[in-house]
Amino acid sequence: MAPGCFRAGLFVSLGIATTVVLALLGSQIAYIDRESIFAAISSPSVRSAIRLSLLTSSTAAVLALVFAVPSAYLLARARFPGRSLVDALLDVPVIMSPVALGLALLLVFRTSPGALVERHVVRFVFEVPGIVLAQFILAAALEIRVLKATFEEINPRLEQVARCMGCSPGRAFLHVTLPLARPGLLAALVLGWARAIGDFGATVMIAGAVPGKTETVPIAIYLGLASLRIEHSVVLTLLLTLIAISALLVLRWLGARQ
């Protein structure tokens, strides 16, 4: 194949993919007008769904980062029996259907230990903490992947030099590794937050779709379609699309900085 034809084929493929994405975005914009946007945003149910989504996804993403940092560092640096199995198990929430994941979580709280937690610690089923739990699991799986790759790119000799100069392993990690991993930390947080705020399947299985109580933005889209409030659903879909685009742009910017 001639080089010119090959290059033209690449541009055609890129143009088709870009056109599909622009068509998805343009169809949402074309369906609504300014009045529909203002009507949706001023709706108490829509504003409540946005507030709840921001609260739960931000909480889940931060908690996931606290969990993901030591987990990813251990996977990147340590060698121990069963490491490959643990690494594979942590990928399960990434490839597992969110609906199946939510059902699995629901079944956990139908066991005796789970029921004990529900009665005496905190209620998750059909409650806001259930939203945070579902989003936490999804966000943590992605954040561990990002941070594991980040820590593997940092030369371990830098930590060894710090320890030779008198730093403890903990101080070497805090003062050498973490500053070098800052772009990866931010990228993991953004990616985890975007994954959490867009979840529907796992959230609806464990927390239900209770209007005004466990109604996140994706659930509000579903309830809006069910009640024929199409404009509200389209506005919220456009909001999630813009959030996804913004998150990807931030990730590209962080990658360029790194």
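Conventions adopted
- Residues numbered from 1 in each chain as written.
- Predicted model: local features only at pLDDT ≥ 70, side-chain atom pairs only at ≥ 80, totals over all residues.
- Heavy atoms only, no water.
- Disulfide = S-S within 2.5 Å.
- Buried < 20%, exposed > 50% of the residue type's maximum accessible area, 1.4 Å probe, protein only.
- Axes fitted to C-alpha atoms, helices over the stretch in contact; angles between N-to-C directions.
- Helix = DSSP H or I, 4+ residues; strand = E, 2+ residues; numbered from the N terminus.
- Left-handed = near helix turned anticlockwise from the far one by under 90°.
- Core = buried A, V, L, I, M, F, W, Y, C linked by side-chain atoms within 4.5 Å.
- Contact = heavy atoms within 4.5 Å.
- Parallel < 35°, antiparallel > 145°, perpendicular 65-115°, else oblique.
- Nonpolar A, V, L, I, M, F, W, Y, C, P; charged D, E, K, R; others polar.
- Patch = residues over 30% accessible without salt bridge, like charges linked within 9 Å, V, L, I, M, F, W, Y side chains within 5 Å.
- Areas by Shrake-Rupley, 256 points an atom, 1.4 Å probe, with all protein chains shown as cover.
- Salt bridge = Lys/Arg side-chain N within 4 Å of Asp/Glu carboxyl O.

### Structural notes on the state of the cysteines
Tallied over the entire structure, the rule returns 0 disulfides. No disulfide involves C164; its sulfur sits 10 Å from that of C167, the nearest cysteine. For C164, a relative accessible area of 72% puts it in the exposed group.

### Notes on the packing of helix 3 (residues 44-77) against helix 8 (residues 128-153)
Between helix 3 and helix 8, the least distance of the axes is 6 Å, while the angle of their chain directions is 40°. Crossing angle aside, the handedness with which helix 3 passes helix 8 is right-handed.

### Here's the deal with the nonpolar core
With 14 residues, the main nonpolar core has L65, V69, A72, I144, L147, F151 and L185 as its most contacted residues. Counting only elements with at least two residues in this core, the list comes to helix 3, helix 8 and helix 11 (182-197). Beyond its immediate sequence surroundings of up to four residues, F151 is in contact with V69, A72, Y73, A76, R77, F173, T177 and A181. Counting residues in each nonpolar core, the second largest holds 13 residues, with L52, F124, V125 and A207 among its members.

### Examining the packing of helix 8 against helix 11
Remark: helix 8 packs on helix 11, axes separated minimally by 8 Å, with the N-to-C direction vectors making an angle of 155°. One element, helix 8, and the other, helix 11, form an angle in the roughly antiparallel class. Along this stretch, helix 8 crosses helix 11, giving a crossing that reads as right-handed. Along the contact surface, helix 8 presents Q135, L138, A139, L142, E143, V146, L147 and T150, while helix 11 presents G184, L185, A187, A188, L189, L191, G192, R195 and A196. Its residues placed into classes, the contact of helix 8 with helix 11 shows 11 nonpolar, 4 polar and 2 charged.

### Quick word on unusual backbone geometry
One non-glycine residue with positive phi stands out, namely F126, at about 60°. Structurally, the position occupied by F126 is in the loop between helix 7 (112-120) and helix 8. With a relative accessible area of 41%, F126 lands in the partly exposed category.

### Some thoughts on a nonpolar patch on the surface
A cluster of nonpolar side chains, V12, I16, V20 and L24, forms an exposed patch at the surface whose accessible area comes to about 380 Å². Relative accessible area serves as the criterion here: at 53%, L24 is assigned to the exposed category.

### What to know about the pattern of salt bridges
Following the criterion strictly, the structure yields 6 salt bridges and no others. Here E159 and R77 are joined by a salt bridge, their closest N and O atoms 3.2 Å apart. On the criterion of sequence distance, the pair formed by E159 in helix 9 (residues 156-164) and R77 in helix 3 is long-range, its members being 82 residues apart. The exposure class of R77 is partly exposed, given its relative accessible area of 23%. In this structure, the salt-bridge partner of E152 is K148, at a minimum N-O distance of 2.8 Å. Of this pair, E152 and K148 both sit in helix 8, 4 residues apart, roughly one helical turn. Residue E152 is classed as partly exposed on the basis of its relative accessible area of 43%. Three or more residues are tied together by salt bridges with common partners; here these are D87, D91, R145, K148 and E152.

Keep in mind these numbers describe shape, not what the thing actually does.
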